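Descriptive analysis of the structure
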Amino acid sequence: MSPSGVRGKFITVEGQDGAGKTTNLGQIERVIRASGYEVLRTREPGGTPLGDTIRGLVLHGGNLDIDPMAELLLIFAARAQHLNAVIRPALTAGMWVVCDRFTDATYAYQGGGRGMDVGVIGEIEQSVQQDLRPNLTLLFDVDIATGAERAGERSGHDRFESEEAAFKGRVRDAYLARARAEPDRIRVIDAVGSLDRVQGAVESIMREYIDSLR
Ligand code: T5A
């Protein structure tokens, strides 16, 4: 059951750094459009001028010695703005929203990676989002070495990409634990294979979801 006023569907895309989320967003959008729905693509942290400013701090504020609780609150501050200025209005207008990362990333990075209390994350989530949760989440899963190798091909690593392998392992474990807890919403894609295979899996999950609505 959707929250009141929401007519569109909220699709989120998750995974470790370098898993291939961004590469596959276009494919997700194409399947949705081909089924006759309008789509808005956005990302977190970001999606608004305030959110992009916070993104700059959280990803590149390596010199700021950001406290984990401050990081968590900055991410939810960006999310509050994004939800109220962009995501809710689009869903209310009947558009589908495809978001590159959302609150599962907070549970994975701040909860799993940084070890923040997931009960606290849940309380802030409830205050900021009320009853809004993603309808479907595609989790791109790769082993740590593959993710690091793919992310490593870019120059200038952000604060999370610069973390040690143990942090990345906890992020992956937290994502997979969430997928086990919510298998209907979070669909895991083995993203180690060729792009063709990954795109085939994306297409079949999206088609199955859209068919289930008819
Ligand atoms: N964050 C975010 C938090 O800590 N808490 C939160 O609540 C939120 C919302 C955001 C950072 O913020 C943190 C987590 C993140 O570290 P980001 O830029 O949105 O950063 O996320 P990144 O994961 O850094 O994005 P990346 O671009 O690194 O990862 P993607 O999008 O998963 O990977 P992508 O698609 O750019 O692909 C990486 C490379 O791999 C290749 C691509 O061509 C590209 O070169 N590739 C493949 N190669 C071979 N085979 C395949 N199947 C391939 N798929 C992709």
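Okay, so let's go over this structure. (Residues numbered from 1 in each chain as written. Predicted model: local features only at pLDDT ≥ 70, side-chain atom pairs only at ≥ 80, totals over all residues. Heavy atoms only, no water.)

1. Looking at the sheet that holds strand 2 (residues 39-43)
Pairing is parallel in the open sheet, where five strands are placed in the order 2-3-1-4-5. Both outer strands of the open sheet, strand 2 and strand 5 (186-190), are each paired with one neighbouring strand and no more. Here the average twist between neighbouring strands, direction ignored, is 20°. Two strands pair when backbone bridges link them, and strand 2 and strand 3 (residues 96-100) are joined in this way by five bridges, in the parallel orientation. Residue pairing across strands places R41 opposite V98, the latter belonging to strand 3. Sitting on the sheet, helix 8 (residues 195-212) is in contact with strand 1 (10-15), strand 3, strand 4 (136-141) and strand 5, with an inclination near 165° to strand 4. (Pairing = 2+ DSSP bridges. Helix = DSSP H or I, 4+ residues; strand = E, 2+ residues; numbered from the N terminus. Axes fitted to C-alpha atoms, helices over the stretch in contact; angles between N-to-C directions. Contact = heavy atoms within 4.5 Å.)

2. Digging into the packing of aromatic side chains
Taken as a whole and assessed by the stated rule, the structure comprises six aromatic pairs. For the pair Y37 and W96, a centre-to-centre distance of 4.6 Å together with 25° between the ring planes defines the contact as stacked. Taken together, the residues span a long stretch of sequence, with Y37 in the loop between helix 1 (21-34) and strand 2 and W96 in strand 3 at a distance of 59 residues. Given a relative accessible area of 26%, Y37 falls into the partly exposed group. For the ring pair Y109 and Y175, a centre distance of 6.3 Å and an interplane angle of 85° mean the geometry is edge-to-face. Of this pair, Y109 sits in helix 4 (residues 103-113) while Y175 sits in helix 7 (residues 165-181), and the two are 66 residues apart along the sequence. Residue classification places Y109 among the buried residues on the basis of a relative accessible area of 6%. (Phe/Tyr/Trp six-rings, centres within 6.5 Å; stacked < 30°, edge-to-face > 60°. Buried < 20%, exposed > 50% of the residue type's maximum accessible area, 1.4 Å probe, protein only.)

3. A short note on the packing of helix 1 against helix 8
Running from N to C, helix 1 and helix 8 point in directions that differ by 35°, and their axes come no closer than 10 Å. Between helix 1 and helix 8 lies a crossing whose hand is right-handed. Every residue of helix 8 that contacts helix 1 at T23, N24, Q27, I28, V31 and I32 is listed here: L195, V198, Q199, V202, E203, M206, R207 and I210. Residue classes in the contact of helix 1 with helix 8 are distributed as eight nonpolar, four polar and two charged. (Left-handed = near helix turned anticlockwise from the far one by under 90°. Nonpolar A, V, L, I, M, F, W, Y, C, P; charged D, E, K, R; others polar.)

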